[in-house]
Amino acid sequence: MSMHAPIAHSLRDVWTAKAEGRPMVMLTAYDAGFAQLAVAAGVDMLLVGDSLGMVVQGARDTLSVSMADMRYHTELVRRGAPTALVMADMPFLSDATVESARLHAGGLMQAGADIVKIEGGAAKAEIVSALTESGIPVCAHIGLLPQRVRQLGGYRVQGRSEDDAARILADAHALADAGAAMLLIECVPSALAERITRQVRVPVIGIGAGQGVDGQVLVMHDVLGMNPHPPRFVRDFLRGRGAVVDAFSAYVDAVRTRQFPAEHESYA
Ligand code: KIV
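Residues numbered from 1 in each chain as written. Predicted model: local features only at pLDDT ≥ 70, side-chain atom pairs only at ≥ 80, totals over all residues. Heavy atoms only, no water.

**Let's talk about the packing of helix α5 (residues 98-110) against helix α6 (residues 125-133)**
Thought 1: Between α5 and α6, whose axes approach to 10 Å, the crossing angle comes to 45°. Relative to α6, the element α5 is oriented oblique. Crossing handedness for the pair α5 and α6: right-handed. Here α5 contributes Val98, Ala101, Arg102 and Ala105 to the contact with α6, which in turn contributes Glu126, Ile127, Ala130 and Leu131. (Axes fitted to C-alpha atoms, helices over the stretch in contact; angles between N-to-C directions. Helix = DSSP H or I, 4+ residues; strand = E, 2+ residues; numbered from the N terminus. Parallel < 35°, antiparallel > 145°, perpendicular 65-115°, else oblique. Left-handed = near helix turned anticlockwise from the far one by under 90°. Contact = heavy atoms within 4.5 Å.)

Next comes the structure, spelled out in structure tokens:
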């Protein structure tokens, strides 16, 4: 398996990749060893996701992940990937107010993050703007919001109805206008994700959102076939390969050549 070099090392590179139409590859990472392998395979950005609640800690969702957990895992990932672009999730309710968001996002930056990710729609615009003004780049996570899974009654595709799609489109514009450095859109029909990606200037990373975005993100454990109940949009890249680094490299290759996600791995 031939290895790629990452095409993005900074947020500026991410914006350039969007302008040049080069698909970016993001993968979650929670520790130093796997972070190192992901970068060696050519992954552009590492996400220290609060999915660690499920895949590392065995919880039923992300709600129990604490700020201390996020800081700890961000430090580990930074140690394993000293020059990579690292994004860290703001855990549940850590961004409930502007003051608390500033305090906690600052803690993640001090732990080694280059950018923090906040879940929520237009209602989070004020927080995005305040953090950006404080020098903290923000990725705004829209579409399916895993921190609201109990309220939503499960992990469901969002934006299927006209009203819901219009709301998510409005969220994207509000957050981009507030200064978000990136958007991450989860589990929406491909056409909606593509429309948002065309309309906003900021780079859009998708998961379960089809091909029409600027880059893809997957949870590492899904890429390695470790999820006994994988959602429709994931692919086991380890199957048929002998080493984890080959699986990561196959994922990078499939995104860069636009062979992932295939149509059956997207929502219409
Ligand atoms: O926490 C996480 O890993 C995420 C991805 C699902 C995008 O937010």
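**Overview of helix α2 (residues 32-40)**
Thought 1: Of the residues that open α2, the one with a side-chain oxygen 3.3 Å from the backbone nitrogen of Gly33 is Asp31.
Thought 2: Phi turns positive one or two residues past the end of α2, at Gly42, with a value near 105°. (Polar contact = N/O pair within 3.5 Å; in protein donor to acceptor, adjacent residues only side chain to side chain.)

**Describing the site of the ligand**
Thought 1: For the ligand, the full set of nearby residues is Thr28, Leu47, Gly49, Asp50, Ser51, Asp89, Lys117, His141, Leu184, Glu186, Ile207 and Val219.
Thought 2: For the ligand, an oxygen atom lies 3.1 Å from a polar atom in the side chain of Asp50.
Thought 3: Contact between the ligand and Asp89: an oxygen atom at 3.0 Å from a side-chain N or O atom of the residue. (Near = heavy atom within 4 Å.)

**Focus: the side chain of Thr28**
Thought 1: Relative to the helices and strands, Thr28 resides in strand β1 (residues 24-28).
Thought 2: Polar side-chain contacts of Thr28 include one of 2.8 Å to the backbone nitrogen of Met220.

**A closer look at helix α9 (residues 190-199)**
Thought 1: What α9 keeps buried is the set Ser190, Leu192, Ala193, Ile196 and Thr197. The buried residues of α9 occupy an angular sector of 165° when the element is viewed end-on, so they sit on one face. Facing away from the buried surface of α9 by more than 90 degrees, the exposed residues are Ala191 and Arg198.
Thought 2: Of the surrounding secondary structure, the elements contacted by the buried residues of α9 are α1 (11-20), β5 (138-143), α8 (162-177), β6 (182-186) and β7 (204-207). (Buried < 20%, exposed > 50% of the residue type's maximum accessible area, 1.4 Å probe, protein only. Arc of directions from axis to C-beta.)

**Thoughts on the pattern of salt bridges**
Thought 1: Per the stated rule, a full pass over the model turns up 12 salt bridges.
Thought 2: One salt bridge in this structure joins Arg78 and Asp114, with 2.7 Å as the shortest N-O distance. Residue Arg78 is found in helix α4 (residues 67-80), and its partner Asp114 is found in the loop between α5 and β4 (115-119); the two are separated by 36 residues along the sequence.
Thought 3: Here Glu194 ties to Arg198 by a salt bridge, and the two come within 2.6 Å at their closest N and O atoms. Of this pair, Glu194 and Arg198 both sit in helix α9, 4 residues apart, roughly one helical turn. (Salt bridge = Lys/Arg side-chain N within 4 Å of Asp/Glu carboxyl O.)

**As for the packing of aromatic side chains**
Thought 1: One pass over the full model with this rule turns up 4 aromatic pairs.
Thought 2: Here Phe237 and Phe260 contribute two aromatic rings whose centre-to-centre distance is 5.5 Å and whose plane-to-plane angle is 75°, an arrangement assigned as edge-to-face. One end of the pair, Phe237, is in the loop between α10 (220-223) and α11 (244-256); the other, Phe260, is in the segment after α11, with 23 residues separating them in the sequence.
Thought 3: By the ring-pair criterion, three or more aromatic residues cluster together here, those being Phe237, Tyr251 and Phe260. (Phe/Tyr/Trp six-rings, centres within 6.5 Å; stacked < 30°, edge-to-face > 60°.)

**With respect to the sheet that holds β4**
Thought 1: Spatially, β1-β2-β3-β4-β5-β6-β7-β8 is the arrangement adopted by the 8 strands of the closed barrel, whose pairing is parallel. Strand after strand, the sheet turns through a mean of 25° between neighbouring axes, direction not considered.
Thought 2: In this sheet, strand β2 (residues 45-48) lies alongside β1 in parallel orientation, the contact comprising 3 bridges. The residue bridging Leu27 from the neighbouring strand is Leu46, located in β2.
Thought 3: Across the face of the sheet, α5 comes into contact with β3 (85-89) and β4 while running at roughly 140° to β4.
Thought 4: The strands touched by α11 within the sheet are β1 and β8 (215-218), with β1 carrying the most contacts at an inclination of about 145°. (Pairing = 2+ DSSP bridges.)

**A word on the side chain of Lys117**
Thought 1: Relative to the helices and strands, Lys117 resides in strand β4.
Thought 2: For Lys117, a relative accessible area of 2% corresponds to the buried category.
Thought 3: Engagement of the side chain of Lys117 in a polar contact is seen with the side chain of Asp89, the distance being 2.7 Å.
Thought 4: A polar side-chain atom of Lys117 sits 2.8 Å from a polar atom in the side chain of His141.
Thought 5: Setting aside chain neighbours within four positions, we find Lys117 in contact with Leu47, Met87, Ala88, Asp89, Met90, Cys139, His141 and Leu184.

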